[in-house]
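Each chain, letter by letter, is given below.
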Amino acid sequence: RSSLNESSLWRAMRSFFTLLFIVTTVCGFAPPCPRNLKGGLQQLSAVSSIEKDDVCTIQILMSDTGGGHRASANALRDAFDTLYPGKIQCDIVDIFTEYGPFWPYNDYPALYKIMAEYSFLWDWFYHFGSTPFGLVLNEFLMETLCFDSFQKCIGRPSSSTDKRADMVVSVHPLCQDVPLKILSSLDTNGETRTPEARTTPFVTVVTDLGGAHPTWFNKNVDKCYVPSDALYQCARDRQVDPSQIVQYGLPIRRGFWNQSSGKEKKDPKTIREELGLDSDLPTVLMVGGGDGMGGIVDIAKSVGEKLGAGSSTPAYQMVVVCGNNEKAKTALSQINWAPGVKVNVQGFVNNMDEWMQASDTLVTKAGPGTIAEASICGLPCMLFSYLPGQEEGNVPFVENSGFGKFSGDPQVIAETVSSWLASPEKMKSLKEAALNAARPSATLDIARDLADIVFAAKLKSKENAKQLVRVQGRG
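Reading guide: rules and limits
- Residues numbered from 1 in each chain as written.
- Predicted model: local features only at pLDDT ≥ 70, side-chain atom pairs only at ≥ 80, totals over all residues.
- Heavy atoms only, no water.
- Helix = DSSP H or I, 4+ residues; strand = E, 2+ residues; numbered from the N terminus.
- Contact = heavy atoms within 4.5 Å.
- Areas by Shrake-Rupley, 256 points an atom, 1.4 Å probe, with all protein chains shown as cover.
- Pairing = 2+ DSSP bridges.
- Axes fitted to C-alpha atoms, helices over the stretch in contact; angles between N-to-C directions.
- Buried < 20%, exposed > 50% of the residue type's maximum accessible area, 1.4 Å probe, protein only.
- Right-handed = clockwise from strand over helix to strand, strands pointing away.
- Phe/Tyr/Trp six-rings, centres within 6.5 Å; stacked < 30°, edge-to-face > 60°.
- Parallel < 35°, antiparallel > 145°, perpendicular 65-115°, else oblique.
- Left-handed = near helix turned anticlockwise from the far one by under 90°.
- Nonpolar A, V, L, I, M, F, W, Y, C, P; charged D, E, K, R; others polar.
- Polar contact = N/O pair within 3.5 Å; in protein donor to acceptor, adjacent residues only side chain to side chain.
- Core = buried A, V, L, I, M, F, W, Y, C linked by side-chain atoms within 4.5 Å.
- Salt bridge = Lys/Arg side-chain N within 4 Å of Asp/Glu carboxyl O.

Visitor: Explain the overall build of the chain to me, using residue names and the numbers behind them.
Guide: Scanning the chain from terminus to terminus reveals 17 helices and 12 strands. In the chain, the share of contacts with a sequence separation of at least 24, taken over all contacts with a separation of at least 6, comes to 73%. Carbon together with sulfur atoms contributes 49% to the accessible area of the chain, which is approximately 20,400 Å² in total.

Laid out in structure tokens, this is it:
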């Protein structure tokens, strides 16, 4: 990595010292798990309990610190639209960008990119924020500085209604402690911020995979959805009761659902043709993440050289998805590749499901969503980087599940991928292990549970309103 220029160094140092004070690391918080909803809400089979003209509203709290949080929110929204068309409206809000009171809170996505690029910053803040002192300090500062502005967000009219949301869902680490206290304040007309006084349902859907920051887990939530055994244990370590924890998998984009559409699943060769690829060549997909993180240029060069050696005609093809990294895309597009490999360079793509289904193996950073989606497609994963802390646990998740390896060395990556493709037996074993780790129905399973909760809450609210009218009438 080249040395920091003066501008980058100033931005990094400014971020470091400011965030040292704030200690609200962009790694995130999350609540604990489910308890019975106050008032004895029962999880009813919803549609039959709600009148035709009733619409339930769910506010989903997130921030664009990485692409996974918004992708998860959009996936849940799409699942509601698929399972309960017209019954549930979602209000997806980047609570920090839109309601952060001042810098740095209202500039978290930009700070995330700086810290992800200079990972020593991320590593320090992540682990300091995991200490008992860091957790207490973060909670205090967040409540002191952000409570009033965040209350405007959570109290705002939701979707097409004139009332605040019937339920709040967090898909971001920094959206647990303060939102829970805000709901308690709103539900009691300002009498208390004690989370136990809350009556509005609140659920956390954890979007990490093999490891997560302690702040993801808060024992005062109604439900906490986790994707793996490792995160189930993380929730238990934070005193989340087993009755609150639900383990389905990660919410993923519609194209990866096992019930995503009525059309039949296409053959990989057909998908390759539609994408403009050679239908017969073994295909390596390389992904740098939506934010373009990772040393994708050097890795692509090494893999391309290895695959292209020893043949005067194409024997393999490689697709490199650079995300928003325009410099990487330009650099790779200008390379004269060896004749033994065809190379297709892409920027940001919205049809990752098709690119994965067209491929034989994946080279990627250890992002949780990408790993979950790859497993559904049966793709062996060659991991080359991770964010310290939260993504570090994704490496053993893949390796222990038997469908991939990790190395930050471009030459090792090239050798490993080449050896996989040269062995049909190895490829079969890796593919079977990936499919065994897959959880393709997780998004729909989570959405069904959330729908039961919000429909029950809506029904309870209507019953309480009717009872109040009767009492007033008698008076």
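Visitor: Hey, could you go over the sheet that holds strand E12 (residues 404–406) for me, with residue numbers and the actual values?
Guide: Taken in spatial order, the 6 strands line up as E9-E8-E7-E10-E11-E12 in an open sheet, and their pairing is parallel. The sheet is open, and its two edges are formed by strand E9 (341–346) and E12, each paired on a single side. Shown here is a sheet whose adjacent strand axes are inclined to one another by a mean of 15 degrees, direction ignored. The pairing of strand E10 (residues 361–364) with strand E11 (residues 381–383) spans 3 bridges and is classified as parallel. Note that in E11 the partner of Leu362 across the bridge is Cys381. Of the strands in this sheet, strand E7 (283–287), strand E8 (316–321), E9 and E10 are in contact with helix H10 (residues 296–308), which crosses E8 at around 175 degrees.

Visitor: Before we move on, could you go through unusual backbone geometry and cite the residues and values that matter?
Guide: For the bond from Trp103 to Pro104, the omega torsion is 10 degrees, close enough to zero to count as cis. Tracing the chain through its elements places Pro104 in the loop between helix H3 (95–99) and helix H4 (108–117). Backbone geometry at Asn189 places phi at a positive 55 degrees, although glycine is not the residue there. Mapped onto the elements, Asn189 comes out in the loop between helix H7 (177–187) and strand E4 (202–205).

Visitor: Could you give me a rundown of the pairing of E10, with the residues and numbers involved?
Guide: Here E10 shows two buried faces, one formed by Thr361 and Val363 and the other by Leu362 and Thr364. As judged from the 4 bridges shared by E7 and E10, these two strands associate in the parallel manner. Looking at the pairing, Leu285 lines up with Leu362 of E10. In the classification by handedness, the crossover that spans E10, the intervening helix H13 (residues 368–376) and the parallel E11 is right-handed.

Visitor: Residue-level account of the sheet that holds strand E5 (residues 223–226), with values.
Guide: One open sheet accounts for 6 strands, arranged E2-E1-E3-E4-E5-E6; its pairing is parallel. One side of each edge strand has no neighbouring strand; the edge strands of this open sheet are strand E2 (88–94) and strand E6 (245–247). When strand polarity is set aside, the average angle formed by the axes of neighbouring strands in this sheet is 20 degrees. The sheet contact formed by E5 and E6 spans 3 bridges and is parallel. When the sheet's bridge partners are listed, Cys224 is paired in E6 with Ile245. Lying over the sheet, helix H2 (residues 68–83) contacts strand E1 (56–62), E2 and E4, oriented at roughly 170 degrees with respect to E2. Along the sheet, helix H6 (residues 132–154) makes contact with E1, E2 and strand E3 (167–170), crossing E1 at roughly 145 degrees.

Visitor: An account of the packing of aromatic side chains is requested, with residue identities and associated values reported.
Guide: The geometry of an aromatic ring pair comes down to the distance between the two centres and the angle between the two planes. Counted under the stated rule, the structure contains 11 aromatic pairs. Plain terms: the ring middles of Tyr386 and Phe406 are 5.4 Å apart, the flat faces sit at 50 degrees to each other, and that makes the pair tilted. With a gap of 20 residues between them, Tyr386 in the loop between E11 and helix H14 (394–401) and Phe406 in strand E12 connect regions that are remote in the sequence. Among the aromatic side chains, those forming a connected cluster through ring pairs are Phe96, Phe102, Tyr105, Tyr108 and Phe150.

Visitor: Can you tell me about the pairing of E7, naming the residues and giving the values?
Guide: Consecutive side chains along a regular strand alternate between the two faces of the sheet. With 5 of 5 residues buried, E7 is to be regarded as a mostly interior element. Alternating positions in E7 separate into two faces, Thr283, Leu285 and Val287 on one and Val284 and Met286 on the other, with burial throughout. As defined by bridge partners, E7 adjoins E8 across 5 bridges and the pair is classed as parallel. Note that in E8 the partner of Met286 across the bridge is Val320.

Visitor: Describe the packing of H10 against helix H15 (residues 410–421), naming the residues involved and giving the relevant values.
Guide: Interhelical geometry of H10 versus H15 gives an angle of 40 degrees and a closest axis separation of 8 Å. In terms of their interaxial angle, H10 and H15 are classed as oblique. As H10 packs across H15, the resulting crossing turns out to be right-handed. Counting all contacts with H10, which are made through Asp298, Ile299, Ser302, Val303, Lys306 and Leu307, the residues of H15 involved are Pro410, Gln411, Ile413, Ala414, Glu415, Ser418 and Leu421. Considering only residue class, the contact of H10 with H15 consists of 7 nonpolar, 3 polar and 3 charged.

Visitor: Give me the lowdown on the side chain of Thr65, citing residues and values where you can.
Guide: Inspection of the secondary structure puts Thr65 in the loop between E1 and H2. Its relative accessible area of 4% is what places Thr65 among the buried residues. Among the polar contacts made by the side chain of Thr65, one reaches the side chain of His172 at a distance of 2.7 Å.

Visitor: So what's going on with the nonpolar core? Residues and values would help.
Guide: Counting residues in hydrophobic clusters, the biggest one holds 61 residues, and the most contacted among them are Ile60, Ile88, Val169, Leu285, Met356 and Leu450. Take this core: its biggest share by element is 8 residues, from helix H17 (residues 442–474). Among residues more than four places away in sequence, those in contact with Ile88 are Cys56, Ile58, Phe80, Asp81, Ala451, Val454 and Phe455. By size, the runner-up hydrophobic cluster in this structure holds 34 residues, among which are Ile95, Tyr105, Cys175 and Val226.

Visitor: Can you tell me about the pattern of salt bridges, naming the residues and giving the values?
Guide: Tallied over the full model, the rule gives 19 salt bridges. Measuring nitrogen to oxygen at the nearest pair gives 3.8 Å for the salt bridge that ties Glu98 to Arg156. Residue Glu98 is located in helix H3, and its partner Arg156 is located in the loop between H6 and E3; the two are separated by 58 residues in the primary sequence. Overall, Glu98 belongs to the partly exposed group, its relative accessible area being 44%. Note that Asp445 and Arg448 form a salt bridge whose closest N and O atoms lie 3.3 Å from each other. Placement of the pair is Asp445 and Arg448 together in helix H17, with a separation of 3 residues, close to one helical turn. On the basis of relative accessibility, which here comes to 29%, the residue Arg448 falls in the partly exposed class.

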